[in-house]
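A structural walkthrough
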Amino acid sequence: MTGRRGSLIPGRLSSLLLVLALSGCAGALGQRAEAPEDESPADLYVELATEYLQRGQLETALERAQQAVATDRGSARAHYILAIVHQRLGQGDDAQREFAQAVKRAPQNPDYRNAWGAVLCAQGRHEAGLAEITAALAEPLYQGQEVALMNAAGCSRRAGRDADVERYLRAALEHDPRFPPALLALAERDYQHGDYQSARSLMARYSHTGAATPEALLLAARIERQLGNAQLARELERTLRQRFPHSPEVIEL
């Protein structure tokens, strides 16, 4: 614990948000620029909820997040951590309500607007979602640009705006050339378009920074098979079967 809760909590919250971003609900990576918020009596509960969430103790995290909101209903951080917990528990309607409350109380916070935009996009409200994400991207000190751009790419994909998808993905790599989600997404895109050499180059870059997930292994195997490298493709497929025998990607082999 620390007595400087106001400076600690945003960083801890931000460390949780990349996972949400990659699963369709956005957030941030590392310490992010935020509109300043006053300290609140709810901050201790926010910190506790964040710690329990990091440990995977979701029910206890929910209790602490609910205590945070009950202690100070005006705290954007309290509503935000409660939204994240609801999201992790698969309680979409509750998460949506709390994200909206967080944005209402701290409309200049780019993390909150980015997350709310991703929620709107997931609901099919693409224009509204992209407007929120764009507002987050307009914050010049926002260090979560690459994550927000990934959300914009995902929202554009759902809206059928193919050209915008690539534009946003490449913009994400301009902000962080080693950003694994953008590398993997562009590699998948190039593979689908038949540009296998480019896809392979992107996967080579991904291999230096990203995890050997089932999705990545399957894509790498498919690329190598298309390039005529059957032996390497079989090795990648064997790795996929051995490391992730129960993954859906194994069925696709």
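Before reading on, note that the structure itself is shown above.
The number of helices and strands found in the protein is 14 helices and 0 strands. Helices (α) and strands (β) of the protein occur, in sequence order from the N terminus, as α-α-α-α-α-α-α-α-α-α-α-α-α-α. Intrachain contacts of the protein at a sequence separation of at least 6 include 55% that bridge at least 24 residues. As displayed, the protein has an accessible area near 12000 Å², and 48% of this comes from carbon and sulfur atoms.

Bringing the nonpolar core into the picture now. Grouped burial of nonpolar side chains is what soluble globular proteins tend to show. With 41 residues, the main nonpolar core has Leu169, Met203 and Leu219 as its most contacted residues. Elements that contribute at least two residues to this core include exactly α7 (126-137), α8 (145-158), α9 (162-175), α10 (180-192), α11 (196-207), α12 (214-226) and α13 (230-243). When neighbours within four sequence positions are excluded, Leu169 is seen to be in contact with Met150, Ala153, Arg157, Ala182, Ala185 and Leu186. By size, the runner-up hydrophobic cluster in this structure holds 30 residues, among which are Leu62, Leu82, Ala95 and Val103.

Direction vectors running N to C along helix α2 (residues 43-55) and helix α3 (residues 58-71) enclose 165°, while the axes themselves pass 8 Å from each other. Looking at the two axes, α2 sits roughly antiparallel to α3. At the point where α2 passes α3, the crossing takes the left-handed sense. Note on element contacts: α3 touches α2 through Leu58, Thr60, Ala61, Arg64, Ala65, Gln67, Ala68 and Thr71, opposite Tyr45, Val46, Leu48, Ala49, Tyr52 and Leu53. Its residues assigned to classes, the contact of α2 with α3 comprises 10 nonpolar, 3 polar and 1 charged.

This brings us to the packing of aromatic side chains. Under the definition given, this model contains 3 aromatic pairs. Summarising the aromatic geometry, the rings of Tyr80 and Tyr112 are spaced 4.3 Å apart at their centres and angled 45° between planes, so their arrangement reads as tilted. Separated by 32 residues along the polypeptide, Tyr80 in helix α4 (residues 76-88) and Tyr112 in helix α6 (residues 110-122) bring together distant segments of the chain. Residue classification places Tyr80 among the buried positions, given a relative accessible area of 1%. Under the relative-accessibility criterion, Tyr112 is labelled buried at 1%. Through a chain of ring-to-ring contacts, three or more aromatic side chains come together here, namely Tyr80, Phe99 and Tyr112. The aromatic ring of Tyr168 is capped on one face by Arg167, whose charged end is 4.5 Å from the ring centroid.

With that settled, the discussion passes to the pattern of salt bridges. All told, the structure shown has 13 salt bridges when counted by the stated rule. Its salt-bridge partner being Glu166, residue Arg189 comes within 3.4 Å of it at the nearest N-O pair. Of the two residues, Arg189 is situated in helix α10 and Glu166 in helix α9; the sequence distance between them amounts to 23 residues. The exposure class assigned to Glu166 is partly exposed, which follows from its relative accessible area of 27%. Among the charged side chains, a salt-bridge network with shared partners connects Asp162, Glu166, Arg170 and Arg189.

Procedures and definitions
Residues numbered from 1 in each chain as written. Predicted model: local features only at pLDDT ≥ 70, side-chain atom pairs only at ≥ 80, totals over all residues. Heavy atoms only, no water. Helix = DSSP H or I, 4+ residues; strand = E, 2+ residues; numbered from the N terminus. Contact = heavy atoms within 4.5 Å. Areas by Shrake-Rupley, 256 points an atom, 1.4 Å probe, with all protein chains shown as cover. Core = buried A, V, L, I, M, F, W, Y, C linked by side-chain atoms within 4.5 Å. Buried < 20%, exposed > 50% of the residue type's maximum accessible area, 1.4 Å probe, protein only. Axes fitted to C-alpha atoms, helices over the stretch in contact; angles between N-to-C directions. Parallel < 35°, antiparallel > 145°, perpendicular 65-115°, else oblique. Left-handed = near helix turned anticlockwise from the far one by under 90°. Nonpolar A, V, L, I, M, F, W, Y, C, P; charged D, E, K, R; others polar. Phe/Tyr/Trp six-rings, centres within 6.5 Å; stacked < 30°, edge-to-face > 60°. Lys NZ or Arg CZ within 6 Å of the ring centre and 35° of its normal. Salt bridge = Lys/Arg side-chain N within 4 Å of Asp/Glu carboxyl O.

Nothing here speaks to function; it is geometry throughout.
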